[in-house]
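# Geometric and topological summary
Listed below, chain by chain, are the residues.
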Amino acid sequence: MGLAAASANVSRKIPIIEDLRPSVLERIQAANGRPGARLFVGPRGGRIQTGVLRMATYWHEVVAKLGYEHLRRHDLGHTGLTWFADAGVPLHRLHQIAGHTDPWITQRYLHPDIEALQNDGNLLTVHLRAPQRSPNGPQLRVVENEKPSPGQIGEGFCCRVGGDRI
């Protein structure tokens, strides 16, 4: 189930997790089928402004009590997109969910935890040790007297993994 969201006055569909669906459906019913009706409104019936949201949720007091004084509401977008990515949602859909104009912005929102990075290293280890690649696994060797192309590491030498130049 998706829901239309507006960011920079552009409407987009966003996923709604199962636990939130009853609340969202309740808000949809309260809108009485009015096209374009806002599901969540500010105190005057219009768009919820940042300052109103901050005061209504007691944001500063809550994060201080939890010991997260540095946390901003904007950071929750980073967390949400990271959770979606950890759940396996591909980057092109994360880009649509976030409503960013550039996929690079979406990538900058993603913050894998150290355990995920360690698991990625373990996956690479398994891949590199796989017997089907070569009898002794991939071999790294320095090849002297080859001029590296711009951006390659080293001066006057390159590296090869197996037969592939890196």
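Quick summary incoming for the structure in this document. The model shown is predicted, which means the values in this text are computed figures rather than measured ones.

## Focus on the overall build of the protein
If you tally the helices and strands in the protein, you get 7 helices and 5 strands. What you see in the protein, going N to C, is helices and strands ordered as β-β-α-α-α-α-α-α-α-β-β-β. Taking all 166 residues of the protein together, 17% fall into the buried category.

## Things to note about the environment of V41
With respect to the helices and strands, the residue V41 is situated in the loop between α1 (21-30) and α2 (50-57). Residue classification places V41 among the partly exposed residues on the basis of a relative accessible area of 38%. Apart from the residues within four sequence positions on either side, V41 is in contact with G46 and I48.

## Focus: the pattern of salt bridges
When their charged atoms lie close together, side chains carrying opposite charge are able to pair. Under the counting rule described, the total for this entry stands at 2 salt bridges. The partner of R21 in a salt bridge is E18, with the nearest N and O atoms 2.9 Å apart. By relative accessible area, R21 is classed as partly exposed at 23%. In this structure, the salt-bridge partner of D75 is R72, at a minimum N-O distance of 2.6 Å. By relative accessible area, D75 is classed as buried at 15%.

## Things to note about the environment of D86
Looking at the element boundaries, D86 is found in helix α4 (residues 73-86). Spatially, the C-alpha atoms of D86 and L110 are 9.3 Å apart, while their sequence positions differ by 24 residues.

## A look at unusual backbone geometry
With a phi close to 55°, Y58 is a non-glycine residue in the positive phi region. Along the polypeptide, Y58 turns up in the loop between α2 and α3 (59-66).

## Side note on the nonpolar core
Formed by L81, V89, L94, I97, A98 and Y109, the largest nonpolar core amounts to 6 residues. Top contributing element to this core by residue count: helix α5 (residues 91-98), with 3 residues. Apart from the residues lying within four places of it in its own chain, the contact partners of L94 are L81, F84, A85, V89, T106 and L110.

The rules behind each value
- Residues numbered from 1 in each chain as written.
- Predicted model: local features only at pLDDT ≥ 70, side-chain atom pairs only at ≥ 80, totals over all residues.
- Heavy atoms only, no water.
- Helix = DSSP H or I, 4+ residues; strand = E, 2+ residues; numbered from the N terminus.
- Buried < 20%, exposed > 50% of the residue type's maximum accessible area, 1.4 Å probe, protein only.
- Contact = heavy atoms within 4.5 Å.
- Salt bridge = Lys/Arg side-chain N within 4 Å of Asp/Glu carboxyl O.
- Core = buried A, V, L, I, M, F, W, Y, C linked by side-chain atoms within 4.5 Å.

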